[in-house]
Amino acid sequence: MKRFFRGTWALALALLLPAAPQPAAAAQQDYPNRPIRLLVGFGPGGPTDLTFRKLAELAARHLGQPIIVENKPGVGATLAASTMARQDKPDGYTIASATAGMFRVPYMQKVDWDPIRDFTWIAGLGGYTFVLAVKADSPYRTAADLVRYAKANPGKVSVATAGAGTSMHLLTEAFAAAAGAELTHVGYKSSSEAAVSLLGGQTVAAVDAVGSLLPHVQSGALRLLMSFDAEPTPLLSDLPTARSLGYDIANSAPYGLIGPKGMPPEVVQKLAAAFKAAVDDPEYAKLLEKLGQTYWFSPPADYGKFAASYYVSERKLVEHAKLMRQP
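Please read these numbers as outputs of a predicted model, since none were measured by experiment.

## Some thoughts on the sheet that holds strand β10 (residues 254-260)
Adjacent strands of a sheet form backbone hydrogen bonds with each other and so pair up, either parallel or antiparallel. What the six strands build is an open sheet, ordered β2-β1-β3-β10-β4-β11; its pairing is mixed. At either end of the open sheet lies a strand with only one pairing partner, and these are β2 (67-71) and β11 (294-298). Looking at each pair of strands side by side, their axes are set apart by 25° on average, direction ignored. In terms of strand pairing, strand β1 (residues 36-40) meets β2 through five bridges, oriented parallel. Paired with Leu38 across the two strands is Val69, which belongs to β2.

If you want it as structure tokens, here you go:
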């Protein structure tokens, strides 16, 4: 009988005491306890690289661990995300930038990843304004001048971008289709390389985020011909949009933060909160103004819904650019 009571009291005591945390739960509570890798799908020096480096710096202050940026350009800026999806654990220690190429490349070529199901959507963080630029001493004063020459000289107008399959590439092809002109796309590994090619005369024009070209515009080396925003941006209120010039194109690509599929909700929330603090930081506001980018924050659930909708809508741009892959 004494043994029975001793066993009963031991059982009751065990039920009253808090259970020891399981290893996975404890790891989530302690997250992060080591540095975090942030994979960026563009080369160093361009607006995407600069943006995510600043966000990483600011978010790290709130997480108490450094966020180390690794550049992985390639495959329409999807190499970083797709590599992460295939190789990394969903523990929050490897995350990646999500840019519009993720929603387009699957329409253009066969891929071994799904742009929606293979990722955890952490937060939407902002958007770009894209522009068409030429050298300041170029004979093309307007987009119409450039189109006129391209029609008379098919294939001789080369347009530099930050890579095949990127937003800039698709906008170049969509512009060519809308204008009825033949343009030659030249893809580089980064925006900085594309700008160097334009400045050096290796290409005739460039399509890029305004932030990567604006310093050269301000120095007098480049001239902007138009933007691809739906409406004129406050930063460039006098710059015509493609749509206002008769080309039915309007696109300002969003960017955000993703992880491998299956991340613990607690980890996702910690990352989202840290990056929300980062996008609201005055230092980030200054960078947005400098780069001519748009403030935007979308929390995890909303960002996931946005991504699914955006993926469907981007098919139209790929079709417009005549880049749909064959079944």
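## Brief notes about the environment of Glu173
Take Glu173: it is sitting in helix α7 (residues 167-179). Not counting residues up to four positions away in its chain, the partners in contact with Glu173 are His185, Ala321 and Leu323.

## Regarding the packing of helix α3 (residues 47-63) against helix α11 (residues 282-291)
Taken N-terminus to C-terminus, the directions of α3 and α11 make an angle of 175°; their axes are 10 Å apart at the nearest point. If you check the angle between α3 and α11, you find them roughly antiparallel. Where α3 abuts α11, its residues Pro47, Leu50, Thr51, Lys54, Leu55, Glu57, Leu58 and Arg61 lie against Glu283, Tyr284, Leu287 and Leu291. Grouping the constituent residues of the contact of α3 with α11 by class yields seven nonpolar, one polar and four charged.

## Looking at the pattern of salt bridges
One pass over the structure, following the stated rule, counts 16 salt bridges. Lys54 is paired through a salt bridge with Glu283; the nearest N and O atoms lie 3.0 Å apart. Of this pair, Lys54 sits in helix α3 while Glu283 sits in helix α11, and the two are 229 residues apart along the sequence. Owing to a relative accessible area of 31%, Glu283 belongs among the partly exposed residues under this scheme.

## Things to note about the nonpolar core
Burial of nonpolar side chains together is a common tendency in soluble globular proteins. The biggest cluster of nonpolar side chains holds 86 residues, and the ones touching the most others in it are Leu125, Phe175, Phe228, Ile258 and Leu271. With eight residues, helix α10 (residues 265-279) is the single largest residue contributor to this core. Ignoring any residue separated from it by four or fewer positions in sequence, one finds Phe228 in contact with Phe130, Val131, Leu132, Leu171, Phe175, Val207, Ala242, Ile249, Ala250 and Asn251. If you look at the next biggest cluster of nonpolar residues, it comprises 14 residues, including Ala194, Ala195, Ala206 and Leu224.

## With respect to the sheet that holds strand β5 (residues 130-135)
Pairing is mixed across the open sheet formed by five strands, whose spatial order is β7-β6-β8-β5-β9. Each edge of the open sheet is held by one strand with a lone partner, namely β7 (183-187) and β9 (222-227). Averaged over all pairs of adjacent strands, the angle between strand axes in this sheet comes to 30°, irrespective of strand direction. Pairing of β5 with strand β8 (residues 205-209), which is carried by five bridges, proceeds in the antiparallel orientation. The residue bridging Val131 from the neighbouring strand is Asp208, located in β8. Across the sheet, α7 is in contact with β5, β6 (157-161), β7, β8 and β9; its angle to β7 comes to roughly 175°.

## With respect to the packing of α3 against α10
Closest axis-to-axis distance for the α3/α10 pair is 8 Å, and the angle between their directions is 125°. When the axis of α3 is compared with that of α10, the two are oblique. In the crossing of α3 with α10, the sense of the turn from one axis to the other is right-handed. Contact residues: Leu55, Ala56, Leu58, Ala59, His62 and Leu63 in α3; Lys270, Leu271, Ala274, Phe275, Ala277, Ala278 and Val279 in α10. Its residues assigned to classes, the contact of α3 with α10 shows 11 nonpolar, one polar and one charged.

## Points about the packing of aromatic side chains
As enumerated under the stated definition, the model contains 16 aromatic pairs in all. For the ring pair Phe52 and Tyr255, a centre distance of 5.8 Å and an interplane angle of 65° mean the geometry is edge-to-face. Of this pair, Phe52 sits in helix α3 while Tyr255 sits in strand β10, placing them 203 residues apart in sequence. A relative accessible area of 0% means that Phe52 is categorised as buried. Grouping aromatic residues by their ring pairs yields a cluster made of Phe103, Trp113, Phe119, Trp121, Trp296, Tyr303, Phe306 and Tyr310. Looking at Arg34, its charged tip hangs above the ring of Tyr93, at a distance of 3.6 Å from the centre. Of note, Lys276 hangs over the ring of Phe297, and the distance from its end group to the ring centre comes to 5.6 Å.

Rules used throughout
- Residues numbered from 1 in each chain as written.
- Predicted model: local features only at pLDDT ≥ 70, side-chain atom pairs only at ≥ 80, totals over all residues.
- Heavy atoms only, no water.
- Pairing = 2+ DSSP bridges.
- Helix = DSSP H or I, 4+ residues; strand = E, 2+ residues; numbered from the N terminus.
- Axes fitted to C-alpha atoms, helices over the stretch in contact; angles between N-to-C directions.
- Contact = heavy atoms within 4.5 Å.
- Parallel < 35°, antiparallel > 145°, perpendicular 65-115°, else oblique.
- Nonpolar A, V, L, I, M, F, W, Y, C, P; charged D, E, K, R; others polar.
- Salt bridge = Lys/Arg side-chain N within 4 Å of Asp/Glu carboxyl O.
- Buried < 20%, exposed > 50% of the residue type's maximum accessible area, 1.4 Å probe, protein only.
- Core = buried A, V, L, I, M, F, W, Y, C linked by side-chain atoms within 4.5 Å.
- Left-handed = near helix turned anticlockwise from the far one by under 90°.
- Phe/Tyr/Trp six-rings, centres within 6.5 Å; stacked < 30°, edge-to-face > 60°.
- Lys NZ or Arg CZ within 6 Å of the ring centre and 35° of its normal.

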